[in-house]
Structure formats: structure tokens, C-alpha cells
Amino acid sequence: MTITEENNMTKEEIMKPENLVYQKPKLLNDNPMHYCPGCSHGVVHKLIAEVIEEMGMSEKAIGISPVGCAVFMYNYLDIDCQEAAHGRAPALATAIKRLWPDRLVFTYQGDGDLACIGTAETIHALNRGENITIIFINNAIYGMTGGQMAPTTLVGMKTATCPYGRDPEIHGYPLKMTEIAATLEGTCYVTRQSVHTVAAIRKAKKAIRKAFENSMQGKGSNLVEIVSTCNSGWKMSPEKANKWMEENMFPFYQLGDLKDTTL
Amino acid sequence: MAEEVVLMKGNEAIAHAAIRIGVDGYFGYPITPQSEVLETLAEQKPWETTGMVVLQAESEVAAINMVYGGAGTGKMVMTSSSSPGVSLKQEGISYIAGAELPCLIVNVMRGGPGLGTIQPSQADYFQTTKGGGHGDYHLIALAPASVQEMADFVKLGFDLAFKYRNPAMILADGVIGQMMEKVVLPEPRPRRTDEEIIKQCPWASTGCKGRKPIVITSLELDPAVMEQRNLHLQNKYAEIEANERRYEEIECEDAEYLIVAFGSCARIAQKAMEHAREEGIKVGLFRPITLWPFPSPEIAERAKQVKGILVVELNSGQMIEDVKLAVECNVPVHHFGRLGGIVPDPDEVVDALKEKLIK
Ligand SMILES: Cc1ncc(C[n+]2csc(CCOP(=O)(O)OP(=O)(O)O)c2C)c(N)n1
Ligand code: SF4
Ligand SMILES: [Mg+2]
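All values reported here derive from a predicted model rather than from experimental measurement.

*Asks:* Where do I start with the side chain of Asp-113 of chain A in this structure?
*Replies:* Residues and elements named next belong to chain A. In this structure, Asp-113 sits in helix 5 (residues 111-117). Nearest to the buried, unbridged Asp-113 among oppositely charged side chains is Arg-88, at 8.0 Å. Among the polar contacts made by the side chain of Asp-113, one reaches the main-chain amide nitrogen of Gly-87 at a distance of 2.7 Å. In this structure the side chain of Asp-113 is engaged in a polar contact, spanning 2.9 Å, whose partner is the side chain of Gln-109. Setting aside residues up to four positions removed in sequence, Asp-113 forms contacts with Pro-66, Val-67, Ala-85, His-86, Gly-87 and Gly-118.

Rendered as C-alpha cells:
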């Protein structure tokens, strides 16, 4: 029986392998995720799991998790992982990739981790052209610690530490790390993606795949920024958060490839 | 084959020993008085011979975190620095201790606090032996007193670090780092292959081929589990304290007075001891080689026969606290130290001995 005949399939029939239309990637395990419903972190984890699986690199991947909401990335991805100190993931990745050149090495970092406390480690790893990928979850806020101002918090955006809105006179301006990364000699692929629609998720997955492949081919450093939502920190429903992101984040953090030396 | 004796600085001996014993990676940042470690490695180009990775990091913070990353994969990795740089490494050292990883850190101490001076000091004793970073942890701390020991302790440090899966530190000072002496370098041996590392280090995160994923972390949110992790660390530290105390005693058999000193100060104290003996004062020298674990039982035993102890340090009185704890007030314990990069003359030590202990 196929799906086209009639829409009255039993549960057992739906579950038959030949009727399978979607499968959770094997590298994404069954541990319940601690992320808030609607959070982008879980979607990006899934994409990473799919890409590693499709590349056949599950036994050669080493992921570095940050300090931030994704600190427990290693609880959900069934690959070897190392948990870095806040901001230091690119330093760990640098050493691991240099010591194990045939491994797939990537970091996964939030905006506070990557663009504030770890700015130096991030810029220097990228500028050295380390053959790694940095996945950068930009949700414009410190999710884990309860919604404080991030280096990427938009002007006027309210957080726990700028409750009247980010004021450049007091707090300075949001930092565009991905634009900076694109100017560095060591980077080969720098892109900004999002995961708020099915189409966006497909594009983001392609970007991650390209970055991982570049790193395995020794082409240089790769930065994949994912403009993300933090509905808890933003104090919005997941649906509203997506809309708010489209209307406020995308004009400032414009999606698309910023640099691609492989073309 | 006759042993090959070479003349070199302590810092250079560290670099040559590291290449010879098959260290996999060195990550450092320049700072006086230890820059010769990185300079020597850069000049030797071991990446062309043994395959050793050598990288000048963007900071000491990055360097220690590169060590953290490499150590998590079971490779033999090290860094070196001097006092202000070692302060920056403390966060990383705490993570490495918390994740129970082996590595070697070299601190060629200079005077502080702050930017201080580039001259020698031993003022980082507290930082090294009492914590430095956050949390209840210990470093295995080795104090070389010669260029030979600088070379030898690279292997010893790694051996102990891997035996206990714990960071080890060579706590040297600017005198030992900069002075030239004759040294016999360790026999060259090849680096371990990746297969050997995976076999020897089943705890390492190297890519989960044929096994379940491994996670290197120090994080645990459940306090009951975290307490167990801490108790496990404390049991390990007790084992290290029981098995790894190292020290040297010179002319202690008939000693009526004891000098306790480590590193370069022990060299000065040895001369002072000789001068005092020429004057008929029976002095012995006790030199702790491991500063942690501290050779407390051995000092306590030796203290039984003496009238007083002088602790000589290039600081205002740090190791003296451990000596006092060891002898439990059974013998008077006094301190003599010079600060800010001044290295004392042996006769200053003799004068201090007479003034403080003999009167
Ligand atoms: C050295 C240090 N400073 C501060 C913290 C506290 N802290 C934990 S996560 C975090 C910010 C995380 O924000 P981000 O990187 O944007 O990740 P998100 O949770 O938003 O994904 C901070 C400040 C810490 N753990 N370590
Ligand atoms: S706090 Fe924000 S970033 Fe963290 S899990 Fe919740 S929604 Fe995601
Ligand atoms: Mg964030």
C-alpha cells in the first residue's frame, strides 16, 4: 500500500520502512533536550548530526561545546566532544585539529562566548586559517545566564542588563563578528544563515556541509553564523520570536554568504 | 656510547628535552625570562623531524586552552610561561584539573606582584601549591635546582601527569631558566603513534571509532554527583601524596640546624651550608623537589634532631607555612628571603642563620 492510494493508513503501515519520509539522524540521540521550545539550538544540533552522518565522519568528528545554553551539546550528539571554558573553544579546536589533522573538528558557540569573552581566540583561530568550522549561534542575548545584554544585542533591544534598551552612548554598538571574519586572510568560507523556515533550514544545512568539507580539504577556517531566536530571553512566544527576528535582526544581520574563496 | 654532555640554558634544556622525549605539542606566548623555550623550539623545527606541533598562541589564555584541547585527546602537550602569564593560565589549569587531563606547564618565575620585574623570584609558591585557579584541586609541582633537572623533569612531569591524569608543573625561577650548565639530555624516543595513544588513553576524546562517544568535561550540575567527583579527586590526591614525595637531603646526618630551600635558593643555601660548616656550625640542607606533594613527613622526621630550621626563599615567606605545618611547632622555624628579584649571597644566609637561630 502506498501513500497515494487512500489516506486511511494504519499506524503500523505508516511506520513501515518503505513508507518512511523522514528520519531523525542517528547521531542525534534520544536524550530529552533542555532547550526551551522554539529555541534554534535544537534545530542546528540536528543539522550538524545530519551533516556528519552524511559525510560518514561520525567516527572522526570532535565537537567543542561552549559555555552558554549549548554547553550540553555533548548530551545530544553521539560523537566525541570536549567542553571548553567560556570563549576558549577555538583554542581547543586549534590544538586538536593540528594534533589530529584527519579529524573533523568544529566549535559551537553563542554570541557571548564567541563575540565577547572569546573574541581574541575566535579572531586568531580564524586568521591563522585553522582547518576548523565555527558554528556561531547569534541570538543577540545571553540565554543561559537569564537574558543579559550580549555583544550582538541590537540598539534599543531590552535585556536584563539594559532594561531600558541598548543605548550606544552607554553600551556601545552591536558587533558584527561575521563581517570581521570575512576580512581575515585565514577564512575561506564565511556565511550568515538562519533556521526559522524549512527553506532556511535547508540552506543552513548546505552551508554547514560546505564548511565541514572545506575544513577536511584543508582550505582554511570556516564561520557559519546562524541568526537565532531566544524566545525565553526575548520574552516572546516562539512564533513571535521568529517574526521579531525577521523584522529586527535580519536588517542588521543580513543573511547570505559574506566570503567564499572556493568558488 | 659515551653520554653526550652539552652546555645550555635551563630554558633551552626544557625545549630540547621536550623534542627528545616525544612531546606532541607545545603552545606558548613570549614572556621574559622564559622566551627561549619557544625560541629554541622554533629554531629546532621539530615539526620536520618528530612531527611535534609548535605554536605561538595569541595569549597565555589561548595557549593553556590549546593544551586543554590537546590533552583531552591523549596527546603529550605542554606550555611554558612566567608569573604574569601563569596567572592568565589559571582558569585553564582549573579546567584541566577538573577534567582530569595530563599536561605539563612550566613556570619560570619572576618577581611580582603585577608586572613586577623580569628578575628571578619564588613568589608563585602559594599560587602553585595552594590552588591558583578556582576549586579544590592540586598540581603536581616539581622544583628543579639545576639545568639537568630542567631537562629531566620534562619526562618526569609527563610521567606523573599521565600516571595520575593530572596537570604537572615545573616551578623554576629566572635563575634556573637563564643560567648555563652542563646537561645530559634524555635519550631520544619517537612520539607515540595515534593508534598507541588511543590504546593507552581509553579516556581520550579522539573520535568515537568502535566505541561509545567520550566527553571531556568538568561540568556536573547534580551536587550529589559533583561531590562524588570531588571525593574521587581527593582520593587521587591522597594517593599522590602517599607515593610521590621527592626531596634531597645534603649533610643532614649530623645536622644541628636545618636549612629548607627549593630551586635556585637551594643552590645558594648549599653554599651557605658549606660556609657555615667551615665555621663549625653543623648545618644540613633539606631540598623539597616536589612542592606538592610536600615532603612533610620527611621534614618532620629530620626536624627531630635539630635546634632550629631556616627556610630560605625568594619571597616573603611562603613555603615556610608548609614547613611549620610539617614540624607542628616542635622546632623554631624562621624565614630568610629576598624580594623583588634580588638573589641573596650565601653569606647573607649564614648571617641570617646565626642571627635568627643561634644568636
Ligand atoms: C568565565 C566565565 N564568565 C561568565 C560565565 C557565565 N556565563 C555562562 S553562559 C554566559 C553567556 C552565554 O551567552 P551566549 O554565549 O550568547 O550563549 P547562549 O546561552 O545565548 O546560547 C555567561 C556570561 C562563565 N560560565 N564563565
Ligand atoms: S534560554 Fe534562549 S538560547 Fe537558551 S534554551 Fe532557552 S530559548 Fe534557547
Ligand atoms: Mg546568545
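*Asks:* In this structure, what is going on with the site of ligand 1? I would like to understand it.
*Replies:* In the vicinity of ligand 1, 17 residues are found, and the nearest of them are Cys-69, Asp-111, Asp-113, Gly-143 and Met-144 of chain A. Looking at what sits near ligand 1, you find residues from chains A and B. In this structure, an oxygen atom belonging to ligand 1 sits 2.8 Å away from a main-chain N or O atom of Asp-113 of chain A. One nitrogen or oxygen atom from the main chain of Ile-141 of chain A is found 3.0 Å from an oxygen atom belonging to ligand 1. Protein contacts shield 76% of the accessible area of ligand 1, which totals 590 Å² for the unbound molecule. Every element with two or more residues in the shell around ligand 1 is listed here: helix 5 and strand 5 (141-142) of chain A. The biggest single contributor to the shell around ligand 1 is helix 5 of chain A, with four residues. When the residues that make up the shell around ligand 1 are grouped by side-chain class, the tally is six nonpolar, eight polar and three charged.

*Asks:* Can you help me understand the domain arrangement of chain B in this one?
*Replies:* It is common to give the size of an interface as the accessible area that goes away when the parts come together. Residue and element names in this part refer to chain B. When its domains are assigned, chain B resolves into domain 1 (5-197) and domain 2 (249-358). The centre of domain 1, based on its C-alpha atoms, is set 27 Å off from the matching centre of domain 2. Listed by partner, the interface residues are 29 residues for domain 1 and 23 residues for domain 2. Summed over both partners, the interface of domain 1 with domain 2 buries about 2100 Å², with 56% contributed by carbon and sulfur atoms. Counting the contacts that link domain 1 with domain 2 gives three salt bridges. A salt bridge links Glu-149 to Arg-287, with the nearest nitrogen and oxygen atoms 2.8 Å apart. Connecting domain 1 to domain 2 are 16 residue pairs in polar contact (both at pLDDT 80 or more). For the side of domain 1 that touches domain 2, the class distribution of residues is 17 nonpolar, seven polar and five charged.

*Asks:* Looking at this structure, how should I read a negative patch on the surface?
*Replies:* Residue and element names in this part refer to chain B. Taken together, Asp-345, Asp-347, Asp-351 and Glu-355 make up a surface patch of like negative charges. Mapped onto the elements, Asp-351 comes out in helix 13 (residues 346-358). Overall, Asp-351 belongs to the partly exposed group, its relative accessible area being 46%.

*Asks:* I keep staring at the nonpolar core and nothing clicks. Help me out?
*Replies:* Among soluble globular proteins, nonpolar side chains are generally buried collectively. Phe-27, Met-78, Val-154, Val-260, Ile-309, Met-319 and Val-323 of chain B are the most contacted members of the largest nonpolar core, which totals 124 residues. Per element, the largest residue contribution to this core is 10 residues, and it comes from helix 6 (residues 147-164) of chain B. In terms of domain composition, this core takes at least three residues from each of domain 1 (5-197) and domain 2 (249-358) of chain B. Ranked by size, the runner-up nonpolar core spans 37 residues in total, among them Ile-79, Cys-81, Phe-106 and Phe-212 of chain A.

*Asks:* Is there a simple way to think about helix 4 (residues 89-99) of chain A in this case?
*Replies:* For the α-helix, the turn length of 3.6 residues means that residues three or four positions removed from each other point alike. With 10 of 11 residues buried, helix 4 of chain A lies mostly within the body of the structure. What helix 4 of chain A keeps buried is the set Ala-89, Pro-90, Ala-91, Leu-92, Ala-93, Thr-94, Ala-95, Ile-96, Lys-97 and Leu-99 of chain A.

*Asks:* Got a minute to help me understand the packing of aromatic side chains in this structure?
*Replies:* Each aromatic ring pair is specified by the distance between its two centres and by the angle formed by the two planes. Residues and elements named next belong to chain A. One pass over the full model with this rule turns up nine aromatic pairs over all chains. Where Phe-72 meets Tyr-74, the ring centres are 5.9 Å apart and the plane angle is 80°; that geometry is what we call edge-to-face. Geometry around Phe-252 places Lys-176 over its ring, the cationic atom sitting 4.1 Å from the centre.

*Asks:* Help me out: how do you make sense of the site of ligand 2 in this one?
*Replies:* The environment of ligand 2 is made up of Tyr-35, Cys-36, Cys-39, His-41, Cys-69, Asn-139, Gly-143, Cys-230, Asn-231 and Ser-232 of chain A. Split into classes, the residues belonging to the shell around ligand 2 amount to five nonpolar, five polar and no charged.

*Asks:* What is the right way to read the pattern of salt bridges from this model?
*Replies:* Residues and elements named next belong to chain A. In total, this model carries 41 salt bridges over all chains according to the counting rule given. In this structure, the salt-bridge partner of Arg-88 is Glu-121, at a minimum N-O distance of 3.2 Å. Of the two residues, Arg-88 sits in the loop between strand 2 (80-83) and helix 4 while Glu-121 sits in helix 6 (residues 119-127), which places them 33 residues apart along the sequence. Taking the relative accessible area as the measure of exposure, Glu-121 reaches 3% and is therefore buried. One salt-bridge network, held together by shared partners, links Lys-46, Glu-50, Glu-54, Lys-205, Arg-209 and Glu-213.

*Asks:* What's the story with the interface of chain A and chain B in this structure? I'm lost.
*Replies:* Residue-level contacts link 33 residues of chain A with 40 residues of chain B. When chain A packs against chain B, the two sides together hide about 2800 Å² of surface, and 61% of this comes from carbon and sulfur. Counting the surface chain A buries against chain B, the share from its top three residues, Asp-80, Leu-99 and Trp-100 of chain A, is 25%. Scanning the region where chain A abuts chain B turns up three salt bridges.

Definitions and limits used
- Residues numbered from 1 in each chain as written.
- Chains lettered and ligands numbered in written order.
- Predicted model: local features only at pLDDT ≥ 70, side-chain atom pairs only at ≥ 80, totals over all residues.
- Heavy atoms only, no water.
- Helix = DSSP H or I, 4+ residues; strand = E, 2+ residues; numbered from the N terminus.
- Buried < 20%, exposed > 50% of the residue type's maximum accessible area, 1.4 Å probe, protein only.
- Lys, Arg positive; Asp, Glu negative; His and termini not counted.
- Salt bridge = Lys/Arg side-chain N within 4 Å of Asp/Glu carboxyl O.
- Polar contact = N/O pair within 3.5 Å; in protein donor to acceptor, adjacent residues only side chain to side chain.
- Contact = heavy atoms within 4.5 Å.
- Near = heavy atom within 4 Å.
- Areas by Shrake-Rupley, 256 points an atom, 1.4 Å probe, with all protein chains shown as cover.
- Nonpolar A, V, L, I, M, F, W, Y, C, P; charged D, E, K, R; others polar.
- Domains from an automatic or database assignment.
- Buried area = accessible area lost by both parts, 1.4 Å probe.
- Patch = residues over 30% accessible without salt bridge, like charges linked within 9 Å, V, L, I, M, F, W, Y side chains within 5 Å.
- Charge placed at Lys NZ, Arg CZ, Asp CG, Glu CD.
- Core = buried A, V, L, I, M, F, W, Y, C linked by side-chain atoms within 4.5 Å.
- Phe/Tyr/Trp six-rings, centres within 6.5 Å; stacked < 30°, edge-to-face > 60°.
- Lys NZ or Arg CZ within 6 Å of the ring centre and 35° of its normal.

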